[in-house]
Amino acid sequence: MTVRTSAAAAVILTATIAGCGAPAPQNIQLPPVNTQAASMKEGFSTMERLIEAAKKEGTLTVIALPRDWVNYGEIIDTFAEEYGIKVDQLEPDANSAREIAAIPALKPDVFDLSVDVAVSRSDLFAPYRVQGWQDIPDHLKDHRGTWYAGYGGYMSIGYDPSKVAAPASFSDLLKPGHSVSLPGDPREVSAAFNGVMAVSLRGGEARAERGVEFFHRLKGAGNLAATPKTASVIVDWDYHNAERAAGGKDWKVAIPGDAVLGSYYVQAISKQAPHPAAARLWQEFLFSDRGQNLFLKGYARPVRMEALQMRGTLDDELAAKLPATSGKPVILTVSEIDRARAYLQREWARKVR
């Protein structure tokens, strides 16, 4: 359910955005606003001036943000309500490649992208370091500020406990009686691609050929479902499987401790953003304590989660609902992703589809 905050809460939110300072004394002459600046302090001096500039623009254009994905519906509505800014929501089901292709015609202000796409097209993004920049691990952000992780998750096994026993590992899915699906074609859908890579993990190393071979064996055993709708098991991000379980479906979530694959989606601002101040305010909102906890409400793991825990601002009740794992997650490098995608393009149709 989408929760809209009151006008009074807007005052609280403005004060709690990470790193927010007190308003500047009236007798100090502030520099002119620069909506293209690489940080709030450089371009606006105070959060109040950033908010004022964004309100003057009046609109934010987003793309590829399904309202049922990591609580984006509530996140968008809360942002719009807090600041009185209209949010145009374009092509919610678009993938990362489509977001980039849409720039000339649709002119989105901001992006939510897989890491590999962000790295390959970082020349299209405007550098901007949010106030919580220091809380983002170095390997999850570009040092120039062109992109930075916002939230992530772990690959998991979602299953119907009335049809199959709780799996201890991905190899259990090869046992008779399982009907297994990915959330799409792994050559096109990032979650499905990472599902293939997760089943391939051995000793902390993922290899695409092992993942393709695993699904080839699933197909040979008659355990590969035609679609997620007919499956008793779905290999997908834990935030999606947790959402299915929370939706009243007879569904449980397991993260195999011997094969934990993690991944993050990253945020970026378009160099061609028609609403550059609103785009920067959107990023400040997403990376504020409030915004990060809203991702957590959608069962995603906010990138600033450790910092929020240390400062006592993490919503512990929401954190307790995340699927548990004792394993250390493996995060693929961009070169590993590129090699694996190339292999799947060559071999998936021949061996699995």
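Parameters and conventions
Residues numbered from 1 in each chain as written. Predicted model: local features only at pLDDT ≥ 70, side-chain atom pairs only at ≥ 80, totals over all residues. Heavy atoms only, no water. Helix = DSSP H or I, 4+ residues; strand = E, 2+ residues; numbered from the N terminus. Buried < 20%, exposed > 50% of the residue type's maximum accessible area, 1.4 Å probe, protein only. Contact = heavy atoms within 4.5 Å. Areas by Shrake-Rupley, 256 points an atom, 1.4 Å probe, with all protein chains shown as cover. Lys, Arg positive; Asp, Glu negative; His and termini not counted. Charge placed at Lys NZ, Arg CZ, Asp CG, Glu CD. Polar contact = N/O pair within 3.5 Å; in protein donor to acceptor, adjacent residues only side chain to side chain. 1 Å grid on protein atoms, 1.4 Å probe; cavity = no way out; pocket = protein on both sides within 12 Å on 5 of 7 lines; lining within 4 Å. Points joined across faces, edges and corners; volume = space filled by probe spheres on them. Phe/Tyr/Trp six-rings, centres within 6.5 Å; stacked < 30°, edge-to-face > 60°. Pairing = 2+ DSSP bridges. Salt bridge = Lys/Arg side-chain N within 4 Å of Asp/Glu carboxyl O.

Regarding its fold elements, the protein chain presents 15 helices and 10 strands. Across the 353 residues of the protein chain, 55% fall into the buried class. Put simply, of all contacts in the protein chain between residues at least 6 apart along the chain, 73% involve residues at least 24 apart. When the accessible area of the protein chain is evaluated, it comes to approximately 15400 Å², of which 51% is carbon and sulfur surface. Counting 40 positive and 41 negative side-chain charges, the protein chain places the centres of these two groups 4 Å from one another.

Attention shifts here to the side chain of Asp172. On the secondary structure map, Asp172 appears in the loop between strand E4 (148–159) and strand E5 (180–181). Owing to a relative accessible area of 14%, Asp172 belongs among the buried residues under this scheme. A polar contact of 2.7 Å, which involves the side chain of Asp172, links it to the backbone nitrogen of Ala168.

Taken as a whole, the largest pocket holds about 840 Å³ of empty space. Lining the largest pocket are 30 residues; nearest its centre among them are Trp69, Ala94, Val189, Ser190 and Tyr265. If you list the elements that add at least two residues to the lining of the largest pocket, you get helix H5 (96–101), strand E3 (110–114), helix H7 (115–120), helix H8 (190–199) and helix H10 (238–246).

Further remarks concern the packing of aromatic side chains. The final tally for this structure, using the stated rule, is 16 aromatic pairs. Taking the centre distance of 5.6 Å and the plane angle of 85 degrees together, the rings of Tyr72 and Phe295 count as edge-to-face. Pair noted here: Tyr72 is in helix H4 (residues 72–83) and Phe295 is in helix H12 (residues 289–297), with a separation of 223 residues, a long-range link. For Tyr72, a relative accessible area of 0% gives the class buried.

Our focus in this paragraph is the pairing of E4. Most of E4 sits inside the fold, with 12 of its 12 residues counted as buried. Two strands pair when backbone bridges link them, and E4 and strand E8 (residues 261–269) are joined in this way by 6 bridges, in the antiparallel orientation. Paired with Tyr151 across the strands is Tyr265, a residue of E8. The pairing of E4 with strand E9 (residues 301–302) spans 2 bridges and is classified as antiparallel. Residue pairing across strands places Tyr151 opposite Pro302, the latter belonging to E9. Where E4 meets strand E6 (residues 233–237), 5 bridges bridge the pair, whose relative direction is antiparallel. Paired with Tyr159 across the two strands is Val233, which belongs to E6. Relative to strand E7 (residues 252–254), E4 runs antiparallel, the two being bridged by 3 bridges. The residue bridging Gly158 from the neighbouring strand is Val253, located in E7.

Structurally, Asp112 is set in strand E3. Of the side chains bearing the opposite charge, Arg341 lies closest to the buried Asp112, which forms no salt bridge; the N-O distance is 12 Å. A distance of 2.9 Å separates polar atoms of two side chains, one belonging to Asp112 and the other to Gln267. Ignoring anything within four residues of it in the chain, the contact list for Asp112 reads Leu65, Tyr72, Ser96, Glu99, Tyr151, Tyr265, Val266 and Gln267.

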